[in-house]
Amino acid sequence: MAAKVEPFWMRKTLAELDAVEWESLCDGCGLCCLQKLEDEDDGAVYYTRIACKLLDLKTCQCSDYPNRRASVPDCVQLSASDAAQFKWLPPTCAYRLVAEGKDLPLWHHLVCGDREAVHVERISQSGRMLAEGSVAEEDWEDHLIFRAG
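To keep things clear, this report deals only with the structure shown in the data block.

So, how was this worked out
Residues numbered from 1 in each chain as written. Predicted model: local features only at pLDDT ≥ 70, side-chain atom pairs only at ≥ 80, totals over all residues. Heavy atoms only, no water. Helix = DSSP H or I, 4+ residues; strand = E, 2+ residues; numbered from the N terminus. Rg over C-alpha atoms; globule rule 2.2 N^0.38 Å. Buried < 20%, exposed > 50% of the residue type's maximum accessible area, 1.4 Å probe, protein only. Contact = heavy atoms within 4.5 Å. Salt bridge = Lys/Arg side-chain N within 4 Å of Asp/Glu carboxyl O. Phe/Tyr/Trp six-rings, centres within 6.5 Å; stacked < 30°, edge-to-face > 60°. Core = buried A, V, L, I, M, F, W, Y, C linked by side-chain atoms within 4.5 Å.

### Observations regarding the overall build of the protein
Part 1 of the reasoning: Within the protein, the regular secondary structure consists of 6 helices and 4 strands.
Part 2 of the reasoning: Mapped from its N terminus to its C terminus, the protein presents α and β elements in the order α-α-β-β-α-α-α-α-β-β.
Part 3 of the reasoning: A compact globule built from 149 residues would reach a C-alpha radius of gyration of about 15 Å, and the protein, at 16 Å, matches this within 12%.
Part 4 of the reasoning: Across its three principal directions, the C-alpha atoms of the protein cover 60 × 35 × 30 Å.
Part 5 of the reasoning: Burial statistics for the protein: of 149 residues in total, 36% are counted as buried.
Part 6 of the reasoning: The contacts in the protein between residues at least 6 apart in sequence include a share of 59% that link residues at least 24 apart.

The structure is reproduced here in structure tokens:
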């Protein structure tokens, strides 16, 4: 009888993942690329439906991922060493889930094999986002969708 082998995200820490494993954790929801507002009183992070200027509003993919920091200098580069700070990520985010020792949801492409499941299950904001330049920054509060952290 063959031994059951746990998937890499369950048997490795984030720091033990190689670059391919790390990148594969991303479910492609694009939520981390939405503009956020932080409550100065309690530090809570509120997500808006306003997308970064590089985010494709339908596919939820960065239009220039390898060079994104050149045009969006404050784009956050997630790394395993920052895992303790992942509380601002959406509760569905695989990076956050793995950092918290949790398994991936059934709709995650590494579990179900379908990269479109994140959109079918409406985890992503595909088709429901607004372009960054279409909303004045002082009006972002009118477009809050959830609180993280």
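### Remarks on the pattern of salt bridges
Part 1 of the reasoning: On inspection of all chains with the given rule, the structure shows 5 salt bridges.
Part 2 of the reasoning: Across the pair E100 and R96 runs a salt bridge, and its minimum N-O distance is 3.0 Å.
Part 3 of the reasoning: Here E100 falls in the partly exposed class, since its relative accessible area comes to 27%.
Part 4 of the reasoning: By relative accessible area, R96 is classed as buried at 13%.

### Some points on the environment of I50
Part 1 of the reasoning: Residue placement: I50 occurs in strand β2 (residues 45-51).
Part 2 of the reasoning: Residue class for I50 comes out buried when judged on its relative accessible area of 0%.
Part 3 of the reasoning: Discounting chain neighbours no more than four positions away, the residues touching I50 are C33, L34, Q35, L130, A131, E132, V135, W140 and H143.

### Some remarks on unusual backbone geometry
Part 1 of the reasoning: The phi dihedral of C60 is positive, around 65°, even though this residue is not glycine.
Part 2 of the reasoning: By secondary structure assignment, the location of C60 is in the loop between β2 and α3 (68-71).
Part 3 of the reasoning: Phi at R122 is positive, roughly 60°, even though this residue is not glycine.
Part 4 of the reasoning: Topologically, R122 is positioned in the loop between α6 (117-120) and β3 (130-131).

### Details of the packing of aromatic side chains
Part 1 of the reasoning: Applying the stated criterion across every chain yields a total of 3 aromatic pairs.
Part 2 of the reasoning: On the basis of an interplanar angle of 40° and a centroid distance of 4.5 Å, the ring pair of W22 and Y95 is categorised as tilted. Of this pair, W22 sits in helix α2 (residues 19-24) while Y95 sits in helix α4 (residues 94-99), placing them 73 residues apart in sequence. When sorted by exposure, W22 lands in the same class as Y95, which is buried.
Part 3 of the reasoning: On the basis of an interplanar angle of 15° and a centroid distance of 4.4 Å, the ring pair of Y47 and F146 is categorised as stacked. Of this pair, Y47 sits in strand β2 while F146 sits in strand β4 (residues 144-148), placing them 99 residues apart in sequence.
Part 4 of the reasoning: Accessibility expressed as a relative area gives 22% for F146, which makes it partly exposed.

### Quick word on the nonpolar core
Part 1 of the reasoning: Ranked by internal contacts, the top residues of the largest apolar core, which has 29 residues, are L25 and Y95.
Part 2 of the reasoning: For this core, the secondary-structure elements that each account for two or more residues are α1 (8-11), β2, α4 and α6.
Part 3 of the reasoning: When sequence neighbours within four positions are dropped, the list of residues in contact with L25 reads F8, W9, L14, L17, A94, Y95, V98, L104, H108 and L110.

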